[in-house]
Amino acid sequence: MNEEYAFAPPARPALPVAGSERLFPVRRVYCVGRNYLEHAREMGLGERVPPFFFAKPADAVAASGAEIPYPPRTASLHHEIELVIALGRGGRDVGIDHALELVFGYAVGNDLTRRDLQSDARQKGHPWDLAKGADQSAPVTPIVPVALCGHPNSGRIWLEVNDVPRQHGDIADMFWSVPEIIAELSTYVALAPGDLIFTGTPAGVGALHPGDRVVGGVEGVGVLEHTIGAG
Ligand code: MN
């Protein structure tokens, strides 16, 4: 019996690493909002306002292939397919020219969002946390190390629900590039190994329902699959 803690500490969230038996230990999950112009338009957000950051709980991460229960307190669960940056090094006030040195690899994630809670919070000026932070609200593929996928700066990003196309775009159309995201976020918080950064979603977000099968990917990085279970 370890007596350091009052009870056994929870297991650290982790994701598989492509081509390796080792796991990527997740420390924090950050997200960029409004990083594609067409998605900003569909959300009714200003076009000249720069992107912004928010966060999800680290244990919201779920593995590709999971059945994700339809979360409670929503009637509007939305998909947001995104390129995910996985950091293997940390830093503060990181210069854009050095930002890529922090990157361990990349993945594909779905920033599952209780859109009705988010809209309500936005109208009331309340925090978004619970709109974005449902249990298992961040399914992510295995992390692909930079040695295997390089630093993708263009390529198709897409998502289908029950084989019907919903979202498509190109990661070249991100308002903030990967180095800009890392540099900007590192002026707010000290980044550290194990941090994941969801980089924003292209246009075409929409509702999911129990029984849906979701498949989405980023060209050159991977393909995420999961289903939505009963609530
Ligand atoms: Mn998002």
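Structure: see above.
Residues numbered from 1 in each chain as written. Predicted model: local features only at pLDDT ≥ 70, side-chain atom pairs only at ≥ 80, totals over all residues. Heavy atoms only, no water.

What exactly am I supposed to notice about helix α2 (residues 115-124) here?
Helical geometry note: an α-helix holds 3.6 residues per turn, so side chains three or four residues apart project in the same direction. All of the buried residues along α2 are Arg 115, Gln 118 and Ala 121. In an axial view of α2, the angular spread of the buried residues amounts to 125°, which keeps them on one side of the axis. Next to the buried residues of α2 lie α1 (37-42), β7 (77-79), β10 (113-114) and α3 (129-132). Gly 125 sits one or two residues past α2 and shows a positive phi near 70°. (Buried < 20%, exposed > 50% of the residue type's maximum accessible area, 1.4 Å probe, protein only. Helix = DSSP H or I, 4+ residues; strand = E, 2+ residues; numbered from the N terminus. Arc of directions from axis to C-beta. Contact = heavy atoms within 4.5 Å.)

In this structure, what is going on with the nonpolar core? I would like to understand it.
Nonpolar side chains in soluble globular proteins tend to be buried together. Formed by 39 residues in total, the largest nonpolar core has its most connected members in Leu 83, Ile 85, Leu 87, Tyr 106, Ile 182 and Ile 197. Broken down by secondary-structure element, the contributors of at least two residues to this core are β3 (29-33), β8 (81-87), β9 (103-110), β13 (156-161), α5 (178-185), β17 (213-218) and β18 (222-229). When near neighbours in sequence (up to four residues on either side) are disregarded, Ile 85 contacts Val 103, Gly 105, Tyr 106, Val 178, Ile 181, Ile 182, Asp 195, Leu 196, Ile 197 and Thr 199. Ranked by size, the runner-up nonpolar core spans 20 residues in total, among them Val 17, Phe 24, Ala 60 and Val 61. (Core = buried A, V, L, I, M, F, W, Y, C linked by side-chain atoms within 4.5 Å.)

I'm lost on the packing of aromatic side chains in this one. Help?
The geometry of an aromatic ring pair is captured by two quantities: the separation of the ring centres and the angle between the planes. The final tally for this structure, using the stated rule, is 6 aromatic pairs. Judged by centre distance (5.5 Å) and plane angle (50°), the rings of Phe 24 and Phe 104 are tilted. Note that Phe 24 is positioned in strand β2 (residues 23-25) and Phe 104 in strand β9, a separation of 80 residues in sequence. Overall, the relative accessible area of 4% leaves Phe 24 in the buried class. Taken together, a centroid distance of 6.5 Å and an interplanar angle of 40° make the contact between Phe 52 and Phe 54 tilted. Using a relative accessible area of 24% as the deciding quantity, one classes Phe 52 as partly exposed. An aromatic cluster is present here, built from Phe 52, Phe 54 and Trp 128 joined pairwise through their rings. (Phe/Tyr/Trp six-rings, centres within 6.5 Å; stacked < 30°, edge-to-face > 60°.)

Even after reading the chapter, I still don't get the sheet that holds β7, so can you show me in this structure?
In sheet architecture, strand pairing relies on hydrogen bonds along the backbone and comes in two forms, parallel and antiparallel. The strand order across the open sheet built from 3 strands is β10-β7-β16, with neighbouring strands paired in antiparallel fashion. If you trace the sheet from one side to the other, it starts and ends with β10 and β16 (206-208), each paired once. Note: β7 against β10, 2 bridges, orientation antiparallel. Residue Leu 77 lies in a different strand from β10, and its bridge partner there is Arg 114. (Pairing = 2+ DSSP bridges.)

Sorry if this is basic, but what is going on with the layout of surface pockets here?
Over the atoms, a rolling probe the size of a water molecule traces out where space has been left empty. In this structure, the largest pocket encloses a volume near 160 Å³. Around the largest pocket, the lining residues are Arg 73, Arg 114, Leu 117, Asp 120, Ala 121, His 126, Pro 127, Trp 128, Asp 129, Leu 130 and Ala 131. Those elements giving two or more residues to the lining of the largest pocket turn out to be α2 and α3. When its residues are assigned to classes, the lining of the largest pocket shows 6 nonpolar, 1 polar and 4 charged. (1 Å grid on protein atoms, 1.4 Å probe; cavity = no way out; pocket = protein on both sides within 12 Å on 5 of 7 lines; lining within 4 Å. Points joined across faces, edges and corners; volume = space filled by probe spheres on them. Nonpolar A, V, L, I, M, F, W, Y, C, P; charged D, E, K, R; others polar.)

Can you help me understand the sheet that holds strand β6 (residues 67-69) in this one?
Spatial strand order, β6-β18-β17-β13-β14: 5 strands in an open sheet with mixed pairing. Edge positions in the sheet fall to β6 and β14 (164-170), since each has one partner strand and no second. Between one strand and the next, the sheet's axes are offset by a mean angle of 20°, whatever the strand orientation. In the sheet, β13 pairs with β17 via 5 bridges, with the strands oriented antiparallel. Considered in β17, the bridge of Glu 160 is made with Val 215. (Axes fitted to C-alpha atoms, helices over the stretch in contact; angles between N-to-C directions.)

Spatial relationships are all this shows, so hold off on functional conclusions.
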